[in-house]
Every structure is written in C-alpha cells, then in structure tokens.
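# Architecture at a glance
The chain contents come next:
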Amino acid sequence: MSEPTRSAPILAAEDVHVEFEARRGGGRARAVDGVNLDIAPGEIVALVGESGCGKTTLARTLLGLEKPTSGRVLHRGTPLAYTSKALKAFRRDVQLVLQDPSGSLNPRHTVYDAVAEGLRIHGDVPNERERVADALSRAGLRPPERFFLRFPHELSGGQRQRVVIAGALVLDPNVIVADEPVASLDASVRGEILALMLRLRDELGLAALVVTHDLGLAWNIADRVAVMYLGRIVETGPVEKILTAPEHPYTQALLSVLPDAPGSPVVLQGEPPDPTRIPSGCRFHLRCPVLASGAAAAAGVDGACRGADLGVLAGGTATQVACHYALAVTDPAAAARP
Amino acid sequence: MNALVWARRRRTVARFWSQFRQNKAGVFGLVVLALFVLTALLAPVITADNALSVTRPPGSPLEGPSADFPLGTDRSGRSMIDMIIWGSRVSLTVGFWATFISITFGTLFGILAGHFGGWPSMVLMRVTDWFLVMPSLVLGVVLAAVMGRSLTTIIVAIGVTSWPTTARLVRAQTLAVEARPYIERAKALGGGHLHVMSNHVMPNVMPIVLAQTTLMVGTAILVESTFAFLGLGDPTTASWGATIQAARDVGAVSSRMWWYILPPGIAIVLVVLAFTLVGRAIEGVLNPKLRERR
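Residues numbered from 1 in each chain as written. Chains lettered and ligands numbered in written order. Predicted model: local features only at pLDDT ≥ 70, side-chain atom pairs only at ≥ 80, totals over all residues. Heavy atoms only, no water.

### Examining the overall build of chain B
- The number of helices and strands found in chain B is 11 helices and zero strands.
- Of the regular secondary structure in chain B, the N- to C-terminal order runs α-α-α-α-α-α-α-α-α-α-α.
- Once the C-alpha set of chain B is aligned to its principal axes, its extents read approximately 75 × 45 × 35 Å.
- Counting only residues that meet the buried cut, chain B has 47% of its 294 residues in that class.
- Look at the contacts in chain B between residues 6 or more apart in sequence, and 70% of them connect residues 24 or more apart.
- Of the roughly 14,700 Å² that chain B leaves accessible, carbon and sulfur atoms contribute 68%.
- Distance between charge centroids for chain B: 14 Å, based on 25 positive and 13 negative side chains. (Helix = DSSP H or I, 4+ residues; strand = E, 2+ residues; numbered from the N terminus. Buried < 20%, exposed > 50% of the residue type's maximum accessible area, 1.4 Å probe, protein only. Contact = heavy atoms within 4.5 Å. Areas by Shrake-Rupley, 256 points an atom, 1.4 Å probe, with all protein chains shown as cover. Lys, Arg positive; Asp, Glu negative; His and termini not counted. Charge placed at Lys NZ, Arg CZ, Asp CG, Glu CD.)

What follows is the structure, encoded as structure tokens:
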C-alpha cells in the first residue's frame, strides 16, 4: 500500500492466494492467485469477473470462511486470526449476503428466527425483539411485526433477500460482502434491492463488496470496480474510469457484450480458463484479442505477453491495469523495463 | 408473540394430521397401536392378581377356549388372554428402549459424521460398518452368555446392531442439509459447529428420524420375539415369543392346540404391522414424493 488512500481500509486482502486440491486429474487449482484489495469505510467495491474466475472464493476468504493458502486478510489493519473466538468477533463486523435468498434461509425457521439467529449466536438476548424489528424495517420490510412468523416459502424472492439483508444488518456490521445479491431476482426487484444497499451505505456508512458478473450492476452501485480474471485482479479503479475507458482487453471484451455498448461485441476465443493450468506470461494472453490482432506485436510487447508475468496489482484506490500492452501504450518507459 | 408461535405450531400439527388421516392404512395402524399401548398400560387393572402365577393359576393346564378362558389356557393353566395382555408390555418395552438406543446413537453418529467430514467421518463410518455387519442373533447369544438372560440383554443386543442403519440414513441427510446455503450463512453469522448442528441440521434430520423410529420399533419387537423363541429371553417374563416357545415345547402344533400358538403370533404380526403402517404413513406425509407413488 504505497500510494495514499483516503482513509484506512476496513477490510483488505494482502497478496491472498487460495489453492484447492483438484479432484481428478491431479494438480492444484489456484482459485485466487495473488490479490490485493482494499475496502474503505462507506465504499462500495464491485468485484467483476466471469464464472470460475475466483471471485466467490475471494469473497469467502475475505469473510474468513476460507483460509488463504498464503497472504492475509486484514480487518481494520489487524490480520485475521482463524481461531473460532476471533472469527466470531470479526463476524459481528463483516456480514454476508448470498446469491440465492431461497436457499440461504432455513425453510424451517420463521423470519423472526432467521433474523434473530445472529443475535442469538452472539448472545445479545436483551431487546432482541426490537432489534429484529428494527433490522427488518431498515431492510424495507414494514411493518416488521407482520413478517415475524412468516416462513420463507410464504415470501416473494425480493422479500426473502430483504430478510437475508436484515439478518446481516441485525448485528450492526460495517461491511457487507454480497455474492451476486440480485442475480436470482427479477428486474423490478433488483432495482429495489440495489436502492436499499445504496441507502444503507448513505445512512449507516456501510461498506460493501459486491461480487457480480454483471457490469451493469457494478455501474449502478459501485464506487470502485475490480475486474478479476483467473484468480487475479487485472484492472481496478473508479467505476466511471473502468467502465467508460477500460484499458485491459478483458474488461473491454466484457463491456463490448453489454446490450447498449457501442461497436461490435468482442467474443473471446480460445479455451476457457482453467485454474489448475494458469498460462505463463500474461494469464489472459491465450484469449487476448489485442495479441491475436497483432496490435501487441506492433507495440513490441508480444514477447512479454507470452512470457513475462505481470505483478500483482497493489491495493488502494488508484487506477491500475495488469496488461503489457496497456502499460506500453500509456507509459512506454514501463514497457522497456524487463 | 408466544401465543402466535403456539397457534402456528397447532396449525402445523393440524396440517400434519389431516394429511396423515388420508392414509387409511396409517390410521388403522395408529388405532391398533393405541389399543396395544392402552392394554399394556392397563394390564395390572384388567387382569386378575394371579394371572401370571404358575403355582396358583386360574385354570387347569391346556384347556381349550371356553366362556371362562376365551383363548384357552397355557401349560401352567394361565389364561392365554392374560398372557397376551402381559406380553404386550414386554414387547412395547423392548421395542421402545431398543429403538431409543438405536435412534440416539444413530442420530448422534450420523450428524457428527456428516457435519465434520474428513477423517473423523471416515473413522465413524468404519465403526458403523463394523456394527452393520454384526449379526444381532449371534451378538444376542454372546451377550446372553455374558450378561445373563434378561430383557436388558435383548435391548442392548437389538440397540447395538440396529443403530448403524439410522446412522447411515442420518449422515446422508446431514450431508444434503450441509450443502445448503443457509449453513454458509449461519457460519458467516458466527455460528459454530454446535449451532449449525443443533439449529439447522437437527430440525431437518428429525422427520427422517421420526419415520425411522416407528419402523424400527416394529423390527425390534420382531427380534425380541425371535430371541425369546430361541430361549434367549428372560424366562420369568411372559413375552409373546416365550409363549410361542412354550407352545412348541408342549407340541401345540401336533396336538392342534391352535389357541396356544396362534394368538401370540397374531399379536406379534399386528403390532409390527401397526408400527410399519404408521411409519410408512409418517414417511409419506413428510416426503411428498412417496405420497404420489402409493
């Protein structure tokens, strides 16, 4: 973290690696392969990438649900300890909202039980009822008493997601990690949930990491975007910068396939990424349209694309890109360095 | 709040009952069961004090059915009706306790093995397999030799050999529940192993356990009768299996003393059938997929 940040990050990943033993075929899957990511208080960061790029694993690691193989997770500047006591305290502050609201609520628990679960785990028994009611109304379920004894199957998808959010809010967290929070909701409800998250940010100063494959969602909600490809963040910066003037060919390709994107869509060629066999050089080079078109060769970086590994991007809020070509075009001096 | 919760629970029970009621066989089983339980509970009231006495029996040995003894008498002159009534106590006691042991151990090991996975699960499941292949009859013979012939011996023998089935069933269900996102949510909320197991896994496993329980009581009663028939039972109790054995000893079949051998046999079949029917009906209510197939 060399460059100055606006305020100390509340949650940060520091050179996090997460590897899994591959089931068949041997080898180790490097799901997260070196990531620095900072989330400042009150900031909404969108983590964007295609399926299997490791974004959910990174989110789980930031939540302490997955232990990094190397590197560390910092919470308010202190490394996360993986003892059950330390994790329990950590979880009062950092909460999770999952993709599928139907699955993330126990069908045998009432709304009240689901929301009160966090309080009961942490032993906050006094005024449980008020706090549950308060969390429900903050999540937009009003009047809360009407929902207390409902079961998840009696609610609509949007209401269920609000219950999940209320269950996270009841512990008064400062950070919410939301894994595809609206992916399984229909369009009208998505807007409501997103507005809710923005309102919570404004009213409670809640920071959020929103994991999504949907750039449109990132545009609507995020302050900052981090684009992930095959276990690493390849481009990061303010949402306006990344989504209007992307420098990494991968981000450009993702943006070009949005329905209202100008120009023709770039369909990526080549084999889909496999975290057990990460290519040498730039991890995107096998599918990179810039390299395929010869533009990289014209800039004199094609050799680097195939052979030279790009470093891990630093945390912080600065705009950064991990692409030999983009670096060469913007800063020829950088490309000259080995 | 609490009143509402209770109202909600009452509604759930009512819904369960209305579905259970549609299964005629299940209702039949429940009625038969209720009759047997009532009989067993009231045995001291509805039979005479000397009903089981061998030294001062109410009738003479091996009488045929008559007005005094509607099902005749056994070789000691005791009324067969009273023998059946007292036998229901033994059967239900053994059925209850053996099932209790089996379900307790099975649920405990099943949930632990399913929740923790990895090598603890491996060890637990190997232990389970070991008990699974252990024949209950052989174990019963050994236990009877070591612990003496008593109801406890039989209960232990049945309990020890039947819990692995429950454990496997519960483990499978635990694995299915643990894969659900709400487990992940509970962990992210800060819930530990105990919280996940008691608040999420247990309630989702209980329906299967309940169905398994009713089915297992029937099996346990059957095994108890087998033990008693083979002479491994408590010689002082009037169990149905022991009665059949006594009948065989006096040659009831060749002497056409049907009243000696049929009533206990029919009693065994009825109770086991009743438990099985009720168990199947519960299973059907809790697992809608089974309901369609009937």
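### Here's the deal with helix 1 (residues 55-62) of chain A
Residue and element names in this part refer to chain A.
- Of all eight residues that make up helix 1, six are buried, and the element is covered over most of its length.
- All of the buried residues along helix 1 are Lys55, Thr57, Leu58, Ala59, Thr61 and Leu62.
- Gly64, located one to two residues past helix 1, shows a positive phi value of around 80°.

### Here's the deal with the packing of aromatic side chains
Residue and element names in this part refer to chain B.
- Summed over all chains, the structure comprises 15 aromatic pairs over all chains.
- When the ring of Phe96 is compared with that of Trp97, the centres are 5.2 Å apart and the planes differ by 80°; the resulting orientation is edge-to-face.
- Exposure remark for Trp97: the relative accessible area of 40% places this residue in the partly exposed category.
- Judged by centre distance (6.2 Å) and plane angle (35°), the rings of Phe105 and Phe109 are tilted. Of this pair, Phe105 and Phe109 both sit in helix 3 (residues 80-116), four residues apart, roughly one helical turn.
- Through successive ring pairs, a cluster of aromatic residues spans Phe105, Phe109, Trp130, Phe131 and Trp163. (Phe/Tyr/Trp six-rings, centres within 6.5 Å; stacked < 30°, edge-to-face > 60°.)

### Some details on the nonpolar core
- A:Leu11, A:Leu37, A:Val115 and A:Leu209 are the most contacted members of the largest nonpolar core, which has 107 residues in total.
- For this core, the leading source of residues is helix 3 (residues 111-122) of chain A, giving seven residues.
- Among all residues touching A:Leu209, those that are not within four sequence positions of it are A:Leu37, A:Ile39, A:Val45, A:Leu47, A:Leu62, A:Ile176, A:Val177 and A:Ala178.
- By size, the runner-up hydrophobic cluster in this structure holds 22 residues, among which are B:Leu92, B:Ile221, B:Ala267 and B:Val272. (Core = buried A, V, L, I, M, F, W, Y, C linked by side-chain atoms within 4.5 Å.)

### Quick look at helix 3 of chain B
- A rise of 1.5 Å per residue sets the reference length of helix 3 of chain B, with its 37 residues, at 54 Å; its end C-alpha atoms lie 53 Å apart and thus fit the reference within 8%.
- Note on helix 3 of chain B: the residue one or two positions beyond its end, B:Gly117, has a positive phi of about 60°. (Expected span 1.5 Å × (residues − 1).)

### Observations regarding the sheet that holds strand 4 (residues 70-75) of chain A
Residue and element names in this part refer to chain A.
- Across the sheet, four strands lie side by side as 2-1-4-5; this open sheet has antiparallel pairing. At either margin of the open sheet sits one strand with a lone partner, and together these are strand 2 (28-39) and strand 5 (78-79).
- As paired strands, strand 1 (residues 11-21) and strand 4 are joined by five bridges and run antiparallel to one another. Bridge pairing links Ala13 to Val73 in strand 4. (Pairing = 2+ DSSP bridges.)

### Overview of the pairing of strand 9 (residues 224-229) of chain A
All names here are of chain A.
- With six of six residues buried, strand 9 lies mostly within the body of the structure.
- Going residue by residue along strand 9, you find Arg224, Ala226 and Met228 tucked away on one face and Val225, Val227 and Tyr229 tucked away on the opposite face as well.
- Here four bridges tie strand 3 (residues 44-48) to strand 9, and the two strands are oriented parallel to one another. The residue of strand 9 that forms the bridge with Leu47 is Ala226.
- Note that strand 9 and strand 10 (residues 232-238) share six bridges and pair antiparallel. The partner of Val225 across the bridge, within strand 10, is Gly237.

### Notes on the sheet that holds strand 3 of chain A
All names here are of chain A.
- Spatially, seven strands are ordered 6-7-8-3-9-10-11 in an open sheet, and the strand pairing comes out mixed. Here the strands that pair on one side only, and so sit at the sheet edges, are strand 6 (94-97) and strand 11 (320-321).
- Relative to strand 8 (residues 207-212), strand 3 is paired through five bridges, and the arrangement is parallel. Within strand 8, the residue paired with Ile44 across the bridge is Ala208.
- Taken strand by strand, helix 2 (residues 84-93) contacts strand 6 and strand 7 (175-179), and its axis lies near 70° from that of strand 6.
- With respect to the sheet, helix 5 (residues 157-169) is in contact with strand 6 and strand 7, its orientation differing from that of strand 6 by roughly 170°. (Axes fitted to C-alpha atoms, helices over the stretch in contact; angles between N-to-C directions.)

### What about the packing of helix 3 of chain A against helix 5 of chain A?
Residue and element names in this part refer to chain A.
- Running from N to C, helix 3 and helix 5 point in directions that differ by 30°, and their axes come no closer than 7 Å. Classed by the angle they form, the pair helix 3 and helix 5 counts as roughly parallel. The hand of the helix 3/helix 5 crossing is right-handed. Residues Val111, Ala114 and Val115 of helix 3 form the contact with helix 5, whose own contacting residues are Val163, Ala166 and Gly167.
- Residue classes in the contact of helix 3 with helix 5 are distributed as five nonpolar, one polar and no charged. (Parallel < 35°, antiparallel > 145°, perpendicular 65-115°, else oblique. Left-handed = near helix turned anticlockwise from the far one by under 90°. Nonpolar A, V, L, I, M, F, W, Y, C, P; charged D, E, K, R; others polar.)

### As for the interface of chain B and chain A
- Opposite the 21 residues of chain B that make contact, chain A presents 31 residues.
- Taking both sides of the interface into account, the surface hidden between chain B and chain A amounts to around 2,200 Å²; carbon and sulfur atoms contribute 58%.
- Linking chain B with chain A are two salt bridges, by the criterion used here.
- Two residues, A:Arg60 and B:Glu184, come together in a salt bridge whose shortest N-O distance is 2.4 Å.
- Across the contact surface, chain B and chain A share 12 residue pairs in polar contact (both at pLDDT 80 or more). (Buried area = accessible area lost by both parts, 1.4 Å probe. Salt bridge = Lys/Arg side-chain N within 4 Å of Asp/Glu carboxyl O. Polar contact = N/O pair within 3.5 Å; in protein donor to acceptor, adjacent residues only side chain to side chain.)

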